[in-house]
Structure formats: structure tokens, C-alpha cells
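# Geometric and topological summary
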Amino acid sequence: QVQLVESGGGLVQAGGSLRLSCAASGRTFSSYGMGWFRQAPGKEREFVAAISWSGGTTYYADSVKGRFTISRDNIKNTVYLQMNSLKPEDTAVYYCAAADRVVVTRTQYHYWGQGTQVTVSS
């Protein structure tokens with residue numbers, strides 16, 4: 001089992017940056033594909049980015065490509081989401097999740113964190 005705890009959310013002006021962190025417990029963290037999802041009020045939870053166990057493969061939603069970067073540190077059991085050039089439409093609760101492999105489909109993720117709020121003001 002994996003337990004996930006996100007941090008790093010907050011309020012930022014449009015054009016600014018934030019780095020989210022997701023700390024994982026469990027000795028098998030390095031074997032999981034990891035993903036970030038987000039959910040805005042009244043909308044479904046959507047895929048943002050994913051990374052393979054080795055970090056060698058990454059996927060991004062078109063809406064964040066070129067602005068967000070996912071990375072991981074298997075020694076620290078942590079996955080990161082660096083968010084640059086933030087827009088008001090990036091406002092959402094951001095969740096990290098773990099899956100058996102690197103995937104982009106929400107239903108294939110087995111473990112979820114509690115989420116961290118990101119608010120981008122215009």
C-alpha cells in the first residue's frame with residue numbers, strides 16, 4: 001500500500017509559479033507510476049501529468065504542456081509538479097495518485113492523496 005500527502009498549494013497571481021510535492025509512504029514507491037490530477041469546482045477530475053517509475057517517461061495534458069513539469073525522487077519517495085506561467089483556469093484542487101504503471105486514465109490509479117488547493121488570481 002501507498003499513502004500519499006500533497007503539499008505546496010496556495011494563492012498565486014497569474015503568470016506566477018508553484019511547486020507541488022507529494023510525499024509517499026511505503027517501501028515500494030519506486031515501482032509505481034505516479035500522476036497528478038486536478039478538479040475545479042463543478043468539474044470532473046482531470047489528468048494533468050504522469051511519470052513512470054524510473055522518470056524516463058512522462059505524459060502531460062495539452063492544457064499544461066510546456067508550462068508544467070513532473071518529476072520524482074525515488075530516494076525521497078516524493079513526486080513533484082513544477083507549475084509555471086500559471087493561469088486562472090489552473091485553479092483547482094490538485095491530487096497525486098499512484099498506479100501500477102504510468103497511465104493517464106483516472107480509473108487506473110489505485111491510491112490517492114487528499115489534495116492541495118491551488119488558486120490563481122487574475
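Preceding this paragraph is the structure being described.
In what follows, the accompanying structure is described. (Residues numbered from 1 in each chain as written. Predicted model: local features only at pLDDT ≥ 70, side-chain atom pairs only at ≥ 80, totals over all residues. Heavy atoms only, no water.)

## Describing the packing of aromatic side chains
Condition: Working definition: rings of Phe, Tyr and Trp (its six-membered ring) pair if their centres are within 6.5 Å, and the pair is stacked with planes under 30 degrees apart, edge-to-face with planes over 60 apart, and tilted otherwise. Criterion for a charge above a ring: Arg CZ or Lys NZ at most 6 Å from the ring centre, at most 35 degrees from the ring normal.
In total, this model carries five aromatic pairs according to the counting rule given. Connected via pairs of aromatic rings, a cluster forms that spans F37, F47, Y109 and W112. The residue whose ring lies beneath R45 is Y95, and the NZ or CZ to ring-centre distance is 3.7 Å. Directly above the ring of F29 sits R72, whose terminal nitrogen or CZ lies 4.6 Å from the centroid.

## Describing the nonpolar core
Condition: Put simply, buried Ala, Val, Leu, Ile, Met, Phe, Trp, Tyr and Cys residues joined by side-chain atoms within 4.5 Å make one nonpolar core. When a residue's accessible area, from a 1.4 Å probe over protein chains only, is under 20% of the maximum for its type it is buried; when over 50% it is exposed; and in between it is partly exposed. Numbering of helices and strands runs from the N terminus, with a helix taken as a DSSP run of H or I at least four residues long and a strand as a DSSP run of E at least two residues long.
Counting 37 residues, the largest nonpolar core has M34, W36, L81, M83 and Y94 as its most contacted members. Looking at this core, the elements that each hand over two or more residues are β3 (18–25), β4 (33–39), β5 (46–51), β7 (68–73), β8 (78–83), β9 (92–99) and β11 (116–121). Considering each element in turn, this core owes the most residues, six residues, to β9.

## Some points on the sheet that holds strand β1 (residues 3–7)
Condition: Any two strands are treated as partners once DSSP identifies two or more bridges connecting them. Simply put, an axis is a line fit to the C-alpha atoms, just over the touching stretch for a helix, and the angle between two N-to-C directions goes from 0 to 180 degrees.
Overall, antiparallel pairing links the four strands, which are arranged β1-β3-β8-β7 in an open sheet. Two strands close off the open sheet at either side, each with one partner strand: β1 and β7. Between one strand axis and the next, the sheet turns through 15° on average, direction left out of account. In terms of strand pairing, β1 meets β3 through five bridges, oriented antiparallel. The residue of β3 that forms the bridge with L4 is A24.

## Looking at the state of the cysteines
For the record, the criterion: Throughout, a disulfide means two cysteine sulfur atoms within 2.5 Å of one another.
Using the criterion set out here, one finds one disulfide in the structure. Residue C22 pairs covalently with C96 via a disulfide, S to S 1.9 Å. Its torsion about the S-S bond being 45°, the disulfide of C22 and C96 is classed as right-handed. Remark: C96 occurs in strand β9 and C22 occurs in strand β3; sequence separation between them is 74 residues. By relative accessible area, C96 is classed as buried at 0%.

## Some points on the side chain of S52
Put simply, the rule is: Any pair of N or O atoms that falls within 3.5 Å is considered a polar contact. Within protein, one atom must be able to donate a hydrogen and the other to accept it, and sequence-neighbouring residues count only if both atoms are side-chain atoms. Note on contacts: a residue pair is in contact if any heavy atoms of the two residues lie within 4.5 Å.
Relative to the elements of secondary structure, S52 occurs in the loop between β5 and β6 (58–60). For S52, a relative accessible area of 7% corresponds to the buried category. Of the polar contacts made by the side chain of S52, one reaches the backbone nitrogen of G56; its length is 3.3 Å. Each residue touching S52, except ones within four places of it in the same chain, is listed here: Y32, T57, R72 and V102.

## Topic: the pattern of salt bridges
Cut-off, in case you're wondering: Throughout this description, the term salt bridge denotes a Lys or Arg side-chain nitrogen within 4 Å of a carboxyl oxygen of Asp or Glu.
This model, assessed by the stated rule, comprises four salt bridges. The closest approach of N and O atoms between R38 and D90, which form a salt bridge, is 2.9 Å. Of this pair, R38 sits in strand β4 while D90 sits in the loop between β8 and β9; the two residues are 52 residues apart in sequence, bridging distant segments of the chain. Overall, the relative accessible area of 6% leaves R38 in the buried class. Since its relative accessible area comes to 0%, D90 is described here as buried. We note a salt bridge from K65 to D62, for which the minimum N-O separation is 3.1 Å. Overall, D62 belongs to the exposed group, its relative accessible area being 66%. Here the salt bridges share partners, and the residues they tie into one network are R38, E46, R67 and D90.

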